[in-house]
Structure formats: C-alpha cells, structure tokens
Amino acid sequence: MGQSGPYQGNATFTIAVVPNYDPLPKWNIRGVIERVLNLAEPHLTSVEPQFKLDPAQAVEFEKIESPEFAFTGLTLKGILDQIGGFIHGVPRLIRGASGKLDTVHYDMLGETEQALLADPKFDGQCVTLIKTHNIENYATELDSTAENLTNTLDPQEGATIEPYKGGFKTVRSEEQYSRITDGNMVIETTLPVYSVQKLEVITPKGKVGDITGYVFEGAEYGRLSSFEGNYPTSKAFAIYYSLDKNNIKGLNYKSPTVIGGAGAEYSITNIVKAATGEDISADWWKDGNYPKLAFRITYTPIFSARVLQHKPYIESGALKSALIYNQGANLIETRYYGENLKGTIARMGNPEQVRTYKVSGRPAGTMLIPKVGQMWRDDYFVSAVTCAAHADHVDCTIGLSKDFNRLSQYIGINSEWRAYEVSERRAFKRDMAYRDFVVIGNPINPNGKTLLTLNGFFYMQNTFFQSDTGFLGRNSGSLSVANVKTYDELGNDYSVTLPITSAVMGNTLLFNFGMADNYSAGAKSVPDGAGKVSGYWQTDVVYSDYYGRAAEIEFGLQAAGEDVAYDSQIGFELPQGDHSDSKVPTPIRTSNRIALDKDGSEVLRMNYQICFVTNWRDLIIGPAMTRNNPMISGRKDGHAARLYILPNKVGRFATRIDTQSAAQVIDLDGSIGITPDIGIFISPITPNADGAAWAIADMATGEILLARNTEVNSGEEIQMPYIGFTHSLKGV
C-alpha cells in the first residue's frame, strides 16, 4: 500500500481579468436632437451651435427613450423630420430668447387640445368649405410583405426556441445529404440569428448545462486569441454565430498552440467540461458519439412576414379595399413597423376638408387661429394652417384630415446588436466639413476662427510667386500628412498620423483624411515572441474611448512628417502617435479643439475646405487661383503669375487669357505682401497702357487667377483686391 500523509507542491493558475465598465445610459429624444443641432455645422468648442432645442420641450423630450437613429444623406430638416416621425411631431423654427430664429420647436400631432375655431358658434365666419375624398387612396386595410423583421425591444416577445421548450436537437451539418462528422457539425437554427438569449446542452449522463456565456457573435469571435487557452479570451472556449446567418458554429475548433489551458481538444469539449464538469473527450470522440450532442437554443431571429393591418374602426357596409404597402428600411423593428402600419391605415384615404375663416385682425381674433395637431371637433385633426393678413382681418385657411393623428414614420430597430458598444458592423461614415473662406475684394474683419496659420498665408502668397526661396520656399510643398489628436470626455487624448487626400473642387481646396473604422485609425504591427509562435501581429490603433466615443478633435496639416528609416519603430507603429516634423511648416492647424461628439457607430472622416469668394461683383476668380496653390500641387516652377492689361473684356466664365495679345505685362514682385492675422494685400499698380480689363494669370498657361472687367487708363492707379481670411461670412 502507498503511504498517505501531507503533500507539499506548487500549482499554477491563470485567471483572466477584464475591467468592468458601466453600461452607457440609453439615448433620449432630447439628447438626440441636441446632438444633431450641435453637429449640424462643425464649430469650435468656444462657439455656440447655431440652433438649439426649445427649452419648453426639452424636459418632456428627455423622458422619451430614443431608438438608435441612422441619419444618412439628409439635411438638418430631414433629420429633424425623421425624429419627428418617431415622436409624432413636425419641426419648425421659432424665435428664441435671443429674438432670432434659432430655436427648434416641434408641433406635436395627436394632441387632445381642441381648436378654439372649431366651436360651431364660429361657423358663421367660415367663408368657404371644400370637402375631398380621394378614392385612389381609399383603403380599409394594408397588405405588407416585409423582409428582415426582428424584435429587439422585448427579447421574449420575438424569441424562438429550437427545437421547442423542453426539447433538445442533435447537431446537424450545413451540407445537405452529407454525413455528419466532427468536421462539419453545427447547432442548427431554422432562421437567421440576430441575438442569442440562451443555449443549453445535454450531456451523455443527462446533465443539462447552460453554455450561453460561451457563445460569441462572429465579429467578436474573430478577435479572440487562437493561441491562448483561457476563457473568455480564447477560441478554445468559444462557439459563434454570424449576425443575419443561420446556425451556431465553431464547435470543432482546436487551438494550434495552447499554453497551460485547454489542451488540443475541440472547443465544444472544453465548453461542456467547464459548464457541467463532465469530460466528453477521449472515448466519446473515439467511439464516434459526436452526432449525439444535443442542444436547445433560444434566440431572436431575423425573419420575413406578410402583415395585414386593418383600420381600427369598422364602418358598417364599408367597401373592403386592401393596398400594398412596402417597407422602407433594411432591418425593421416589428413594434415600430406595426405602429407605422397602424398610423398609415388610420389616415389613408380618409375624407379631408379645407375651411377658410375670416377672423378679426385684433388679438381676440388672432387667438382663434389653430395650431397643427389640434383636434377639430370629434373626428378631424388640423393638418395645415395658412393665414393671409389684411388691414382689418385675417383670412385663415385650415386643412383638416380625419384621424390624421399618427405620423409614425420611424420603423428602424430600437438598438443595433453589437459585440461591443463600439459596433463592428453597424457603422456609418460621418463626413465632417470644416470650411474657411478666402474673401477677395474689399478688406474684411477676420473673425479669428480660421485654421490658416501665418504659414498658410505664405502658401497663399506663393500661389502668385511659385518661389523656392525664403519663407515662400519653405511654404511650397503639397500637404500630405495629418497629425490628428482626439479627446474623450475624460480628457484622455489619442494621437494618430494619417495621410491626406487633397483635391480642387471648383473654387474650393479640399483636404480629406479619415479613420479606418469606427474604433480604429488603422492597424499597427506589434512584435510578439511569447509561446511557440512568434512574429509580428497586427492590431488596431484606437482613437476613441472604450465605447468608441470621442468628444473633441484637433489636427495640423503638413507637407511632410517625421523621417522613417529602415527598421525604424515608427514604421511599425504607424498610424499610432504624433509624427509631425517641427522643421516643416504647418499651414493649417486648429488653434482650439473642434467639437466632435462621436459615438461608437460612426466612422470619422474630416474634410477641411478653403473656399474662395469675392465681395466685388465684377471680379472673376479663375481656376488657377486654386489649382496653382502649393498646398494642393506643390510649387510649380515657371508658373508664376503676372498682371496683364487686356484690350478686350474677359468672359465671365473664361478660364484663360491670350497672354500674347496683352497691351502690357507687369511683374508682381514686391507688389504682394502679408498683413499678419489679417490677410494678403496687393499694392495699387500704375499701368502705362490703356485697356478694357486686367487679369492676373499663370505666365506659362494663361490660366486666370483673378480678373476684372474695368476701364484701365495709362498713368492711373488700378485698385487691386485685398485677400482676407475668415471662417464665417456673417457680417462680411
């Protein structure tokens, strides 16, 4: 017999630890509207947004939980209309506390307040009454075949249990008429999966285990390690589904290299043992019992349906009529779509009235004018109000619609499922545009918000000279790199270095740079020599907080960044870090941070633009004014500008002149200077020839930078335009 007694030894355990983050608060309508108004026009953090929400409605809107809207390709009015489609309101501008039209107010539909003018005692003031009923829109029900329906508001409401409650189904293969093997086994679902609520397994000994925690969405599963054998960071303890796809997969995954973890077992073997304590390896697989594995899954599916929606009120003897009604979104929340159908059929094909009243122009009369959304007696709602004011009275035309009390335009899902708050799939491109103006003509008062630095002024000056010496020569290289820094709400900063795409768009210079996705600015290369597999591994460079949010942004644009030699660390870490070069001028830079307020679903792209305009009616801005700018094209040797006195007028849309026919050619050296922080001046020039116009043009091509049709007399000074810089044209 062996000896028993105390035993001393060492044991090593690996514990995976992840930080615990509180969930983000849910969006409310007030927060959505205020965010939209804040981002309607990019502005510095020191500048107030142009529009604000009516404070009287803000408190009420804060109580309304919001779905995750996706606003793509819409104007500000279109966005506010889409929000109004959810809250049953129509947006309009009203005068705020400042006395200006800067406040957004919603006229709410479906209100129970009666219009004062609806009182029958005012019928004597009704001068016209038009009743209409469009038979083409008459309907008693809607017939809608909708694709991609899902239910996210209540997981239990739309959940599917397979095979059924209390039952289990063995594994299947995705290939028809094939032998089920450990190489092709899947947990089958009959519908595409949106999210998994619960997954259970029954073991050979009859033990039921909940393995829901080991199920990952495909995007999240792809981020798990193939080489570490610990839950929840390893594929050795994970199976997965793909959004909008059938089946649970990954049961037969084996880690090629595992250290101190699961061993070279199938992932489902490791999961079952961890969840139930029962080991189904070795003899279980040797005996070919894998097809006996059985599961029960509760999940929210994505499905299609044909929906019939009838009017809530059934009129006796009414003719039955059904209209086809199609969906207007890619993924539809069943509850919202149902509300949409109900509202649509409630108002479709209903009788309408147009009433015109003559009311007194005094306050007692104007108070009778109804508001959109008010009730009109029992069955009608005010849908439109138009007034014409006269000397002593007001003609008030009122549009009335029966049961027009539901806007219900929003049918998208309430929230998009994602493996992280930073959505890997539901990401939308957000193109921000910050624009500065170059005002050519009379001097202006700059507002100090332009991003052009003194180096930017030299770039503008060098558009005329194309010089390679001195300050002009230093400011002559095309912009190629953006040094970007984002900040989260806690003040943490994230520096990245990105390439610039530049272009000339008519009278505008465009500089574009952006992030790879909604979380990462791109991928860096990281060396890893741990374990049996070593080398460089690709990983993301983040530019936002844990939730994918960023509050503010600043950037500088340069012609070149920090030098990178062979095997330099910079080459591996790009785009991470600030790799600006202090020896290279920065013509464009944010002196203050720009409000960003990015959430986890937005892929950020920044478009900085310089737009050339004039406050002289007869000044012509030619294509060379932008095309010859060194920030876009770099210095062009031999393409300096000259002043030409022309015998004939220049066409309003002319792009070039015939330099050979000029009455006089004047060199501009010494005539163009810079007033720091103000702009560029062109000194008055005295010609020695007469002409009908003057033009500043490219000496090599004749392309026009600036031109003006004005009488030129020999010996008389020509007033030349001033070039000023500003962010806003207000007051210019």
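These numbers were taken from a predicted model, which means no experiment stands behind them.

Conventions adopted
Residues numbered from 1 in each chain as written. Predicted model: local features only at pLDDT ≥ 70, side-chain atom pairs only at ≥ 80, totals over all residues. Heavy atoms only, no water. Pairing = 2+ DSSP bridges. Helix = DSSP H or I, 4+ residues; strand = E, 2+ residues; numbered from the N terminus. Contact = heavy atoms within 4.5 Å. Axes fitted to C-alpha atoms, helices over the stretch in contact; angles between N-to-C directions. Salt bridge = Lys/Arg side-chain N within 4 Å of Asp/Glu carboxyl O. Buried < 20%, exposed > 50% of the residue type's maximum accessible area, 1.4 Å probe, protein only. Core = buried A, V, L, I, M, F, W, Y, C linked by side-chain atoms within 4.5 Å. Disulfide = S-S within 2.5 Å. Polar contact = N/O pair within 3.5 Å; in protein donor to acceptor, adjacent residues only side chain to side chain. Phe/Tyr/Trp six-rings, centres within 6.5 Å; stacked < 30°, edge-to-face > 60°. Parallel < 35°, antiparallel > 145°, perpendicular 65-115°, else oblique. Nonpolar A, V, L, I, M, F, W, Y, C, P; charged D, E, K, R; others polar. pLDDT = per-residue confidence, 0-100.

Considerations on the sheet that holds strand β2 (residues 89-95)
Whether parallel or antiparallel, the strands of a sheet pair through hydrogen bonds between backbone atoms.
Link 1 in the chain: Within the open sheet, the 3 strands sit side by side as β1-β3-β2. Their pairing is mixed. Of all strands in the sheet, those bounded by a partner on one side alone are β1 (52-53) and β2.
Link 2 in the chain: One ladder, built from 7 bridges, connects β2 with strand β3 (residues 101-108); its direction is antiparallel. Residue Arg95 lies in a different strand from β3, and its bridge partner there is Leu101.
Link 3 in the chain: Its contacts with the sheet put helix α2 (residues 55-62) on β1 and β3, and the angle it makes with β3 is roughly 50°.

Remarks on the pattern of salt bridges
Link 1 in the chain: Applying the stated criterion across every chain yields a total of 22 salt bridges.
Link 2 in the chain: Between Asp81 and Lys77 there is a salt bridge, with its nearest N and O atoms 2.8 Å apart. Within this pair, Asp81 and its partner Lys77 are both found in helix α3 (residues 76-87), separated by 4 residues, close to a single helical turn.
Link 3 in the chain: According to the relative accessible area criterion, Asp81 is partly exposed, its value standing at 25%.
Link 4 in the chain: The class of Lys77 is partly exposed, set by a relative accessible area of 44%.
Link 5 in the chain: A salt bridge links Arg708 to Asp618; the nearest nitrogen and oxygen atoms lie 3.0 Å apart. In this pair, Arg708 is assigned in strand β39 (residues 704-708) and Asp618 in the loop between β32 (602-614) and β33 (619-621), connecting sequence segments 90 residues apart.
Link 6 in the chain: Within the structure, one salt-bridge network assembled from shared partners comprises Arg35, Asp597, Asp599 and Glu602.

Notes on the nonpolar core
Link 1 in the chain: Judged by nonpolar contacts, the single largest core of 65 residues is most densely connected at Phe511, Ile588 and Ile610.
Link 2 in the chain: Broken down by element, the residue count for this core peaks at 6 residues, all from helix α9 (residues 454-465).
Link 3 in the chain: Excluding residues within four positions of it along the chain, Phe511 makes contact with Leu479, Ile500, Thr501, Ser502, Leu557, Ile588, Met606, Asn607, Tyr608, Ile610, Met631 and Ile632.
Link 4 in the chain: In terms of nonpolar packing, the next biggest core, distinct from the first, is built from 26 residues, Met185, Phe237, Val272 and Tyr290 among them.

Things to note about the pairing of strand β31 (residues 594-598)
Link 1 in the chain: In terms of burial, β31 is a largely internal element, 4 of the 5 residues being buried.
Link 2 in the chain: Sheet topology places strand β29 (residues 550-558) next to β31; 3 bridges connect them, and they run antiparallel. Along β31, the bridge assignment pairs Ile553 with Ile594.

Considerations on helix α5 (residues 267-276)
Link 1 in the chain: Taking burial as the measure, the 10 residues of α5 include 7 buried ones, the bulk of the element.
Link 2 in the chain: Those residues of α5 not exposed but buried are Ser267, Ile268, Thr269, Asn270, Ile271, Val272 and Thr276.
Link 3 in the chain: Backbone geometry just downstream of α5 places Gly277 in the positive-phi region, at approximately 85°.

Section: the state of the cysteines
Link 1 in the chain: Per the counting criterion, the structure on display carries 0 disulfides.
Link 2 in the chain: Between Cys387, a free cysteine, and Cys396, which holds the nearest cysteine sulfur, the sulfur-to-sulfur gap is 3.8 Å.
Link 3 in the chain: When its relative accessible area of 40% is taken as the criterion, Cys387 is described as partly exposed.

Let's talk about the environment of Asn246
Link 1 in the chain: If you trace the backbone, Asn246 turns up in the loop between β13 (239-241) and α5.
Link 2 in the chain: Residue classification places Asn246 among the partly exposed residues on the basis of a relative accessible area of 27%.
Link 3 in the chain: Sequence separation between Asn246 and Pro301 is 55 residues, and the spatial gap between their C-alpha atoms is 9.1 Å.
Link 4 in the chain: Non-local contacts of Asn246, meaning those with residues more than four positions away in its chain, are made with Glu174, Thr189, Thr190, Leu191 and Pro192.
Link 5 in the chain: A polar atom in the side chain of Asn246 sits 3.1 Å from the backbone oxygen of Thr189.

Focus: the packing of aromatic side chains
A ring pair, where both rings are aromatic, is described by two values, the distance of the centres and the angle of the planes.
Link 1 in the chain: Within this structure, the stated rule accounts for 10 aromatic pairs.
Link 2 in the chain: Note on Phe458 and Phe471: the rings are 5.2 Å apart at their centroids and 10° apart in plane angle, and the pair reads as stacked. Residue Phe458 is found in helix α9, and its partner Phe471 is found in helix α10 (residues 470-474); the two are separated by 13 residues along the sequence.
Link 3 in the chain: Measuring from centroid to centroid gives 5.2 Å for Phe513 and Phe555, while their planes differ by 70°, and the two rings are edge-to-face. Taken as a pair, Phe513 in strand β26 (residues 508-514) and Phe555 in strand β29 lie far apart in primary sequence, 42 residues in all. One exposure class covers both Phe513 and Phe555, and it is buried.
Link 4 in the chain: An aromatic cluster is built from Tyr434, Phe511 and Tyr608, whose rings are joined through pairwise contacts.

Comments concerning the packing of helix α1 (residues 29-39) against α2
Link 1 in the chain: Contact geometry for α1 and α2: axes closest at 6 Å, N-to-C directions at 130°. In this view, α1 runs oblique relative to α2, as classed from their interaxial angle. Touching Ile29, Arg30 and Ile33 of α1 are Ala58, Phe61 and Glu62, all from α2.
Link 2 in the chain: Per-class residue counts for the contact of α1 with α2 are 4 nonpolar, no polar and 2 charged.

A short note on the confidence of the model for the chain
Link 1 in the chain: The predicted model of the chain has a mean per-residue pLDDT of 80, with 78% of residues at 70 or higher.
Link 2 in the chain: Low pLDDT, under 50, characterises residues 258-262; the stretch is placed with 12 contacts to residues that sit more than four places away or in other chains.
Link 3 in the chain: Predicted confidence for residues 405-422 stays below pLDDT 50, and this span has 84 contacts to residues more than four positions away or in other chains.

What about the environment of Ala40?
Link 1 in the chain: Tracing the backbone through its elements, the reader meets Ala40 in the loop between α1 and β1.
Link 2 in the chain: Sequence separation between Ala40 and Thr75 is 35 residues, and the spatial gap between their C-alpha atoms is 8.8 Å.

A word on the environment of Met515
Link 1 in the chain: Within the secondary structure, Met515 sits in the loop between β26 and β27 (520-528).
Link 2 in the chain: Classification of Met515 by relative accessible area gives buried; the value is 7%.
Link 3 in the chain: As a C-alpha pair, Met515 and Lys429 span 86 residues in sequence and 9.7 Å in three-dimensional space.
Link 4 in the chain: When residues no more than four places from it in sequence are discounted, the contact partners of Met515 are Val484, Val496, Leu498, Ser520, Ala521, Tyr543, Val603 and Leu604.

Some points on the sheet that holds strand β19 (residues 375-376)
Link 1 in the chain: Spatial strand order, β4-β18-β21-β20-β19: 5 strands in an open sheet with antiparallel pairing. Each edge of the open sheet carries a strand with a single partner, namely β4 (126-132) and β19.
Link 2 in the chain: By the bridge criterion, 6 bridges tie β4 to strand β18 (residues 352-360) in an arrangement that is antiparallel. Residue pairing for β18: Thr132 is matched across the bridge by Glu352.

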